[in-house]
Amino acid sequence: MTAQELRTMYVNFFKERRHQEIASASLLPENDPTVLFTTAGMHPLVPYLLGEKHPAGKRLTDVQKCVRTEDIDEVGDDTHCTFFEMLGNWSLGDYFKQESISMSFEFLTKYLNIPVERLAVTVFEGDELVPADEEAIEIWKSLGLSEEQIYRYGREDNWWGPAGQTGPCGPDTEIFYDMGKPKCGPNCGPSCHCGKYVEIWNNVFMQYNRKANGELELLPNKNVDTGMGFERLCMALQGKKSNYDTDVFTGMIAKIEELSGHKYGVTEQEDIAMRVIADHIRAISFSIADGQLPSNVKAGYVIRRILRRAVRYGYTFLGFNEPFLCRLVSQLVDDMGEFYPEIVKQQTLIERVIKEEEMAFLRTLDRGIRLMDNIMAKSAETKIISGEDAFVLYDTFGFPIDLSELIASEKGYTIDLEGFQVELQKQKDRARNATAIESGDWGEFAHCDNIEFLGYDCTELEGVQLTRHRTVKAKNKTMYQLVFERTPFYAEMGGQVGDTGYILSESGEKINIINTIKENNLTIHVAERIPADCTESFSLHVDT
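Rules behind the numbers
- Throughout, residues of each chain are indexed from 1 in the direction in which the sequence is written.
- The model is predicted, so local features are restricted to residues of pLDDT at least 70 and side-chain atom pairs to those at 80 or more, both for listing and for counting; the totals for chains, interfaces and linings are taken over all residues.
- Side-chain numbers come from the whole structure's heavy atoms, not from hydrogens or water.
- Nonpolar cores were defined as sets of buried Ala, Val, Leu, Ile, Met, Phe, Trp, Tyr and Cys residues, with membership established by side-chain atoms within 4.5 Å.
- Categorising residues by exposure relies on relative accessible area from a 1.4 Å probe, with only protein chains included: less than 20% of the type maximum marks a residue as buried, more than 50% marks it as exposed, and the intermediate range marks it as partly exposed.
- By definition, any uninterrupted DSSP run of H or I lasting at least four residues is a helix, any uninterrupted run of E lasting at least two residues is a strand, and each is numbered from the N terminus.
- We call two residues in contact when some of their heavy atoms are within 4.5 Å.
- For Phe, Tyr and Trp, rings pair up if their centres lie within 6.5 Å, where Trp contributes its six-membered ring, and each pair is then called stacked (planes under 30 degrees apart), edge-to-face (over 60) or tilted (otherwise).
- Two conditions define a charge sitting above a ring: the NZ of Lys or the CZ of Arg must be within 6 Å of the ring centre, and it must be within 35 degrees of the ring normal.
- Between any two strands, at least two bridges found by DSSP are needed for them to pair.
- A crossover counts as right-handed when, viewed with the strands pointing away from the observer, the path leading from the first strand over the helix to the second turns clockwise.
- Polar contacts here mean pairs of N or O atoms no more than 3.5 Å apart (in protein, one a potential hydrogen donor and the other a potential acceptor; neighbouring residues in sequence count only if both atoms are side-chain atoms).
- We define a salt bridge as a side-chain nitrogen of Lys or Arg found within 4 Å of a carboxyl oxygen belonging to Asp or Glu.
- Axis geometry follows a simple rule: fit a line to the C-alpha atoms, using only the stretch in contact for helices, then measure angles between N-to-C directions, giving values from 0 to 180 degrees.
- Oblique is the label for every angle not falling under 35 degrees (roughly parallel), over 145 degrees (roughly antiparallel), or within 65 to 115 degrees (roughly perpendicular).
- Each crossing is labelled by how the near helix is turned from the far one, with a counterclockwise turn of less than a right angle marking it left-handed and a clockwise turn marking it right-handed.
- Under the scheme applied here, ten amino acids are nonpolar (Ala, Val, Leu, Ile, Met, Phe, Trp, Tyr, Cys and Pro), four are charged (Asp, Glu, Lys and Arg), and all others, including Gly, are polar.
- For every residue, the pLDDT score states the predictor's confidence, bounded by 0 at the bottom and 100 at the top.

Overview of the nonpolar core
What tends to happen in soluble globular proteins is that the nonpolar side chains get buried as a cluster.
Link 1 in the chain: Leu108, Trp140, Trp201, Leu325 and Ile354 are the most contacted members of the largest nonpolar core, which has 110 residues in total.
Link 2 in the chain: A per-element tally of this core places helix H8 (residues 268–289) first, with eleven residues.
Link 3 in the chain: Each residue touching Leu325, except ones within four places of it in the same chain, is listed here: Ile277, Ile281, Ile284, Leu307, Ala310, Val311, Ile354 and Glu358.
Link 4 in the chain: By size, the runner-up hydrophobic cluster in this structure holds 15 residues, among which are Leu482, Phe489, Ile503 and Phe538.

Shown next, in the form of structure tokens:
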């Protein structure tokens, strides 16, 4: 069964059982400010799990794209990815445990023909807050699972949510596929990391809402939230030992082979590099398609870090010294564009953004690696890179500290991270002192609660009154801030720079406006000086 066939079969199975198919939500969560990315299928549906009615009804099914980076250092092994897909089915106050578990079992054993004996499940064993999930245990037994196939675990393993500090949560039952390996010991089970068991599906019984104080309150309805790990299920169905050996990735890895001239399956380092790149190009491309460009803050920083990590693996292990990630986007479109039309629509933008990032980082990378070599040679005796040296790489040459750590660890070195943080704090203190702003008191000439912005309709206004002004000193430079009752000047916000221009008084005095900013709902015009007569009427003119 191909990856595309599995997606289609899953969705159709639940549509036949009165579930409405919904499209994947963006990777940038709209309803959860506590996370940077959609890390689970539940994120877009949090309001509906809390009781709000979903426009598509009470039974839903989807294929949700997700990004998680907490295990980024493990990407390249058999099962870890930063970008992955979750096949989900949802009950918003409709069916509960019996129907949910039964449908999961039917799909796996009747539609995918997985033998019952290759399955193992885990259930919540209970604690002081919530009792053991005996109902789920009895349901699994009634379907034919033996006592030996059912494992009882605590909150760390069998409790899901909330994704942030608060939100819907509840006990779950996880379904594992037995890869056929022998047990590593008498206590081997799904919680073991020996590779015998791979989790493929999680049925979460959303019954509670976790409050800020840690208390659990019952939700208005009992809900079901399930998530099936798409890549891992493909691995099981296609008889592979790794996600990266399935047709989810084989097309991309073949493209990397073609561009690099290296063959997959020859050396471990090159295999890991190809896997990392094949995974990371998905996280980068889908994030850009959903509107998140690489940057130095928040989600943008994560995407930039993922991109640079992929470039570094390609540079070091596959010999790429020119932009190559941008040349993989067309393969991603071939692989996934049919199901995700957004990457088809945004292909040109994705390629352009990635290429610009690659070009900039490759220059930094080449210089940084040479500097790292010199630093490691200097520190060969101790195998410890000083925090000061690591900070110089970071601050002067733009070399990310996590990349320095990675390169150092590959060579058997460590970095004095405490020393690095000391140097980083010194730099922050210097920057804070350099940008300290000394503001004078506002001189108010007329009270005005609401400043009317007319910049969408015009770039010039006449007969405008100055309501207040003040003096501001920064970096030994004095500037003046002016506030008018009405203005055509757009204030700096949302990544756009503020308008510049000039003001003209009744007496003919012209004062240049060098920037426009927003502060406490005030549109503030940054000027060269204060008008000689602040009570005059002014005309405002926008240049750019």
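There's plenty left to go through after this.
Here's the deal with the environment of Gly291
Link 1 in the chain: Structurally, Gly291 is set in the loop between H8 and helix H9 (298–317).
Link 2 in the chain: Judged by its relative accessible area of 54%, Gly291 is exposed.
Link 3 in the chain: For the pair Gly291 and Arg308, spaced 17 residues apart in the sequence, the C-alpha separation amounts to 19 Å.

Notes on the packing of aromatic side chains
Link 1 in the chain: On inspection of all chains with the given rule, the structure shows 26 aromatic pairs.
Link 2 in the chain: Centroid distance Tyr244 to Phe249: 4.6 Å. Interplanar angle 40°. Geometry classified as tilted. Phe249 matches Tyr244 in its accessibility class, with the two residues each being buried.
Link 3 in the chain: These aromatic residues form a ring-pair network of at least three members: Tyr10, Phe13, Phe14, Phe107, Tyr111 and Trp201.
Link 4 in the chain: In this arrangement the basic side chain of Arg7 is found over the ring face of Phe339, its NZ or CZ atom lying 5.4 Å from the centre.
Link 5 in the chain: We note Arg468 situated over the ring of Trp442; from NZ or CZ to the ring centre the distance is 5.6 Å.

Things to note about the pairing of strand E4 (residues 119–124)
Link 1 in the chain: Taken across its six residues, E4 has six buried, putting it largely inside the fold.
Link 2 in the chain: Of the two faces of E4, the one carrying Leu119, Val121 and Val123 and the one carrying Ala120, Thr122 and Phe124 are both buried.
Link 3 in the chain: Here E4 pairs with strand E7 (residues 167–178) via four bridges, running antiparallel. Of the residues in E7, the one forming a bridge with Val121 is Ile175.
Link 4 in the chain: Examined bridge by bridge, E4 and strand E5 (residues 150–153) share four bridges and lie parallel to one another. Its bridge partner being in E5, Val123 is matched across the sheet by Arg152.
Link 5 in the chain: Handedness of the E4-helix H4 (residues 134–142)-E5 crossover: right-handed.

Quick notes on the side chain of Glu509
Link 1 in the chain: Examined against the element boundaries, Glu509 turns out to sit in the loop between strand E18 (501–505) and strand E19 (510–519).
Link 2 in the chain: Among the polar contacts made by the side chain of Glu509, one reaches the side chain of Arg529 at a distance of 3.5 Å.
Link 3 in the chain: Side-chain polar atoms of Glu509 contact the backbone nitrogen of Ala532, separated by 3.0 Å.
Link 4 in the chain: Those residues in contact with Glu509 that sit more than four places away from it in its chain are Ile503, Leu504, Arg529, Ile530, Pro531 and Ala532.

Description of the pattern of salt bridges
Link 1 in the chain: For the coordinates displayed, the defined rule picks out 28 salt bridges.
Link 2 in the chain: Where Lys141 meets Glu147, a salt bridge forms, and the shortest distance between an N and an O atom there is 2.8 Å.
Link 3 in the chain: By relative accessible area, which is 33% here, Lys141 ends up partly exposed.
Link 4 in the chain: Assessed through its relative accessible area of 35%, Glu147 is described here as partly exposed.

Quick look at the side chain of Ser285
Link 1 in the chain: Here Ser285 is to be found in helix H8.
Link 2 in the chain: In this view, Ser285 contacts Val329, Leu332, Ile350 and Ile354; residues no more than four positions away in its chain are not counted.

Some details on the packing of H9 against helix H12 (residues 347–378)
Link 1 in the chain: Where H9 meets H12, the axes come as close as 10 Å, and the angle between the chain directions of the two elements is 60°. Classified by the angle between their axes, H9 and H12 sit oblique to one another. The crossing of H9 and H12 is right-handed. Touching Arg304, Leu307, Arg308, Val311, Arg312, Tyr315 and Thr316 of H9 are Ile354, Glu357, Glu358, Phe361, Leu362, Leu365, Asp366 and Ile369, all from H12.
Link 2 in the chain: Looking at the contact of H9 with H12, its residues break down into eight nonpolar, one polar and six charged.

Notes on unusual backbone geometry
Link 1 in the chain: Unlike most non-glycine residues, Arg18 shows phi in positive territory, near 65°.
Link 2 in the chain: If you check the backbone angles, Lys383 has positive phi at about 60° while not being a glycine.
Link 3 in the chain: Examined against the element boundaries, Lys383 turns out to sit in the loop between H12 and strand E10 (384–385).
Link 4 in the chain: Overall, the relative accessible area of 37% leaves Lys383 in the partly exposed class.

Notes on the environment of Met179
Link 1 in the chain: Note on placement: Met179 falls in the loop between E7 and strand E8 (197–210).
Link 2 in the chain: Sequence separation between Met179 and Leu393 is 214 residues, and the spatial gap between their C-alpha atoms is 45 Å.
Link 3 in the chain: Excluding anything up to four places from it in sequence, Met179 contacts Arg118, Gly195, Lys196, Val198, Met235, Lys240 and Lys241.

Overview of the confidence of the model for the protein chain
Link 1 in the chain: Of the residues in the protein chain, 96% reach a pLDDT of 70 or more, and the chain-wide mean stands at 90.
Link 2 in the chain: For the protein chain, strand E12 (residues 437–439) is the element with the lowest average pLDDT, namely 72, and helix H7 (residues 250–260) is the one with the highest, namely 98.

Some words on the environment of Lys196
Link 1 in the chain: Examined against the element boundaries, Lys196 turns out to sit in the loop between E7 and E8.
Link 2 in the chain: In this structure, the C-alpha to C-alpha distance between Lys196 and Lys183, residues 13 residues apart in sequence, is 6.8 Å.
Link 3 in the chain: Here Lys196 is in contact with Tyr177, Asp178, Met179, Gly180, Lys181, Pro182, Lys183 and Cys188, once residues within four sequence places are set aside.
Link 4 in the chain: Here the side chain of Lys196 touches Asp178 through a polar contact of 3.1 Å, side chain to side chain.
Link 5 in the chain: Engagement of the side chain of Lys196 in a polar contact is seen with the backbone oxygen of Lys181, the distance being 2.6 Å.

A closer look at the packing of H8 against helix H10 (residues 329–336)
Link 1 in the chain: One can describe the packing of H8 onto H10 by two numbers: an axis separation of 11 Å at closest approach and a directional angle of 85°. For the element pair H8 / H10, the angle class is roughly perpendicular. Counted together, Ile281, Arg282, Ser285 and Phe286 of H8 and Val329, Leu332 and Met336 of H10 form the full contact between these two elements.
Link 2 in the chain: Split into classes, the residues belonging to the contact of H8 with H10 amount to five nonpolar, one polar and one charged.

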